[in-house]
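# Results of the structural survey
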Amino acid sequence: MKFELWVLNLFYLLKSLNSCYNITIMEKEKPDFIWSICGHQNIVNFLQQSIKNKNLAHAYLFVGSNSVGKEAVAKEFMASVFCETKDGHIPCGECPHCSQIKRGLHPDVYFVEKTVDEKTGKAKKDIVIEQIRDLKNRLSQGTLMNSYKVALIPEVQHLNISAANALLKVLEEPTPKTILILIADNINSLPKTIMSRCQVIKFLPVPEKEIENYLIKECSAFPEEAKKLARLALGRPGSAISFFKNKESLADYQENIRRLFELFSKSIGERFDLIDELIDFETDETLNREKLSAVFSGWQAALRDILLIKSDNEPVVANLDFLPASKKAADQLSFKRLKNILNLIDQAKVFFRQNVNSKSVLENLIINL
């Protein structure tokens, strides 16, 4: 009897050990997501959980300021949807799907962006209806790698009216195993009908400390440099990473800030010299608008610093290299004038969206500074 009891106890012990072993194996085989993303942890967790639970929406709309991380998250999300790994990190970077996505050759991934006019050689100002019709046709076909089909539209705000209506039909009649990822920096520029058919995900600025830590850990930046660039980025990891990896872009940014401070003390006639510095009359007008939009964003950051100093909030100033100039401007410029300049810059950006000539926009701004 004792022997039978001993055998029975041994049986349950072995069963228990075997059960534990099986659980361990299952947990080990459970894939881990490794996304190289700075911040946005709630969004990352949500998207990863959607993949795990196979609860993917037909269309997502990522909204947030430029360089905040929308496209970086979209690409990691897309790669993870396709990745075939079962017992490693996702995306693995090695399976056929990951390899082709990395090289930009995946047959079931489509990018819809502004194209170049074959006659003029210049970039078109809008995404046109023919591009969306072509996308609809591709999405309706079978997959070449027995997987999802994913379409990424990085600047969906550039759809013209006809293209927007065509995209709406694509969203209203979703095809199986198809995901559309729309990316926009301004939610107000999109038709509400498109927004209502997407899962809208809003990207907020990333805390300065998170950007600083990312630069140190992932980019091997020195602590002082990381702190400076994180402050300068104003919650946009993409800007901080770009400034770190491309010193020329940082130099251009600082040069544009210097130009603004010089403008405050120049006459109207002297200010017009700036037009020839910032506008290339032989290049694409679209490129001029993009360049000036970047310049104006830098000016807004500098004006923010001046307002902070006037409000006794100097510790959170972003452009530390221009602190003396910012203090001088804070003494010279009134709150009313600073507010007026910021309104003029906002208006200039609206003019760009309305395709107003870049020279006219810049002239209007510098005259009224």
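Higher on the page you've got the structure.
Residues numbered from 1 in each chain as written. Predicted model: local features only at pLDDT ≥ 70, side-chain atom pairs only at ≥ 80, totals over all residues. Heavy atoms only, no water.

Now for the overall build of the protein chain. Per the secondary structure count, the protein chain includes 17 helices and seven strands. Taking 21 Å as the expected radius of gyration for a compact globule of 369 residues, we find that the protein chain reaches 26 Å, considerably beyond that expectation. Dimensions of the protein chain, computed from C-alpha atoms along their principal axes, come out at roughly 105 × 50 × 35 Å. Evaluated residue by residue, the protein chain yields a buried proportion of 43% over its 369 residues. Of the contacts made within the protein chain by residues no fewer than 6 positions apart, 69% connect residues no fewer than 24 positions apart. Summed over its atoms, the accessible surface of the protein chain is roughly 20,700 Å², and 52% of this surface lies on carbon and sulfur atoms. Charged side chains of the protein chain number 49 positive and 46 negative; the gap between the two group centres comes to 5 Å. (Helix = DSSP H or I, 4+ residues; strand = E, 2+ residues; numbered from the N terminus. Rg over C-alpha atoms; globule rule 2.2 N^0.38 Å. Buried < 20%, exposed > 50% of the residue type's maximum accessible area, 1.4 Å probe, protein only. Contact = heavy atoms within 4.5 Å. Areas by Shrake-Rupley, 256 points an atom, 1.4 Å probe, with all protein chains shown as cover. Lys, Arg positive; Asp, Glu negative; His and termini not counted. Charge placed at Lys NZ, Arg CZ, Asp CG, Glu CD.)

Attention now goes to the sheet that holds strand E2 (residues 59-63). Sheet architecture is open: five strands sit in the order E4-E5-E6-E2-E7, paired in parallel fashion. Of all the strands in the sheet, the pair left with one neighbour each is strand E4 (109-111) and strand E7 (199-202). Here the strands of the sheet are splayed against their neighbours by 15° on average, with no regard to which way each runs. Of the pairings in the sheet, the one linking E4 to strand E5 (residues 149-153) comprises three bridges and is parallel in character. Pairing of Tyr110 across the sheet is with Ala151, part of E5. (Pairing = 2+ DSSP bridges. Axes fitted to C-alpha atoms, helices over the stretch in contact; angles between N-to-C directions.)

Residue placement: Asn256 occurs in helix H11 (residues 247-263). Apart from residues no more than four positions distant in its own chain, Asn256 is found in contact with Leu278, Val295 and Trp299.

Along helix H15 (residues 323-332), the residues that are buried comprise Leu323, Ser326, Ala329 and Ala330. Down the axis, H15 shows its buried residues gathered within 120° of arc, on one side only. When the buried face of H15 is taken as reference, the exposed residues oriented beyond 90 degrees from it are Pro324, Lys328, Asp331 and Gln332. (Arc of directions from axis to C-beta.)

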